[in-house]
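# Geometric and topological summary
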Amino acid sequence: MAHLNEAAVKQITEICDRYADENTPLMMILSDIQKEYGYIPLEVQELVSEKTGISVAEIYGVVTFYSFFSLKPKGKYVIGCCLGTACYVKGAQQVIDKFSELLGIAPGETSEDGLFTLDALRCIGACGIAPAVTINGKVYPKLSVNQVPEIVKSYRENGGAN
Ligand code: FES
């Protein structure tokens, strides 16, 4: 989407128009764009700014503040490791470090083959099953470091079916 072809411009314009009557449309506009494209690069932020009159600085601030939004395309499998307090005290740091080591990427990065994105999350509301990890929305409860290699292998080999 980096070059913003005609179809993308049209669709983003439609999304902006959809919320033209709202007082604070930015979150809704960005959510729809994120859902549609999977990320919100600078070119898109500039177009949203042009269509809504909201400054690029404000849009950039929102996109970078919320982990739900992304400036770059995400991998096929998005691994979200909760680093909230409950998960942290149950070993979440070791879990995310293991994913990081096996995938060769730091939190916030996507692997070169485009398969994995590793995200560090704040509390995801599943403290009772800490440490909690999600992969494309599937929840892995009480995950131990020892389980991480098998999980990575299963996504590499068959999309996490095992
Ligand atoms: S701290 Fe991880 S789910 Fe709440």
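Residues numbered from 1 in each chain as written. Predicted model: local features only at pLDDT ≥ 70, side-chain atom pairs only at ≥ 80, totals over all residues.

From N to C terminus, the protein chain includes 7 helices and 4 strands. A burial count over the protein chain gives 26% of its 162 residues as buried. Expressed as a percentage of contacts within the protein chain between residues at least 6 apart in sequence, the contacts between residues at least 24 apart total 59%. (Helix = DSSP H or I, 4+ residues; strand = E, 2+ residues; numbered from the N terminus. Buried ≥ 20, exposed ≤ 12 C-beta atoms within 10 Å, placed from the backbone. Contact = placed C-beta atoms within 7 Å.)

A separate point is the domain arrangement of the protein chain. Assigned domains within the protein chain: domain 1 (6-65) and domain 2 (77-158). With centres defined by C-alpha atoms, the gap from domain 1 to domain 2 works out at 29 Å. (Domains from an automatic or database assignment.)

The next subject is the pairing of strand E2 (residues 116-121). For E2, a buried count of 5 out of 6 residues is recorded, marking the element as mostly surrounded by other parts of the structure. Across 6 bridges, strand E1 (residues 77-82) lies against E2 in parallel orientation. When the sheet's bridge partners are listed, Tyr77 is paired in E2 with Phe116. (Pairing = 2+ DSSP bridges.)

Direction vectors running N to C along helix H6 (residues 92-103) and helix H7 (residues 148-158) enclose 45°, while the axes themselves pass 10 Å from each other. The orientation of H6 relative to H7 falls into the category oblique. By crossing handedness, the relation of H6 to H7 is classed as right-handed. On H7, the residues that touch Val95, Lys98, Phe99, Leu102 and Leu103 of H6 are Val148, Pro149 and Val152. (Axes fitted to C-alpha atoms, helices over the stretch in contact; angles between N-to-C directions. Parallel < 35°, antiparallel > 145°, perpendicular 65-115°, else oblique. Left-handed = near helix turned anticlockwise from the far one by under 90°.)

Attention now goes to H7. Looking at H7, one finds that the buried residues are Val148, Ile151, Val152 and Tyr155. Each buried residue of H7 sits inside an arc of 100° when the element is viewed along its axis, so together they form one side. Among the exposed residues of H7, those oriented more than 90 degrees off its buried face are Glu150, Glu157 and Asn158. The inward-facing, buried residues of H7 abut E1, H6, strand E3 (133-135) and strand E4 (138-140). Gly159 sits one or two positions beyond H7 and adopts a positive phi of about 65°. (Arc of directions from axis to C-beta.)

Core analysis: the biggest nonpolar cluster contains 22 residues, and Ile79, Cys81, Cys82, Ala92, Val95, Phe99 and Val133 have the highest contact counts within it. Elements with a minimum of two residues in this core: E1, H6, E2, E3 and H7. Per-element tally for this core: the top contributor is H6, with 5 residues. For Val95, the residues in contact, after removing those within four places along its chain, are Cys81, Pro131, Val133, Leu143, Val145 and Val148. Counting residues in hydrophobic clusters, the runner-up holds 11 residues, among them Ile29, Ile33, Ile40 and Val44. (Core = buried A, V, L, I, M, F, W, Y, C linked by C-beta atoms within 7 Å.)

Turning our eyes to something else, we now look at the sheet that holds E3. Sheets are built from strands paired through backbone hydrogen bonds, the pairs being either parallel or antiparallel. Pairing within the open sheet is mixed, and its 4 strands lie in the order E2-E1-E3-E4. Looking at the sheet topology across the chains shown, the edges are occupied by E2 and E4. If you compare each strand with its neighbour and ignore which way they point, the axes differ by 20° on average. Here E3 runs beside E4; their pairing, made up of 3 bridges, is antiparallel.

Okay, the environment of Ile129 next. By the secondary structure assignment, Ile129 is in the loop between E2 and E3. Its 16 C-beta neighbours within 10 Å are what place Ile129 among the partly exposed residues. As a C-alpha pair, Ile129 and Pro141 span 12 residues in sequence and 5.1 Å in three-dimensional space. In this structure Ile129 touches Pro141 and Lys142, once residues within four positions along its chain are discounted.

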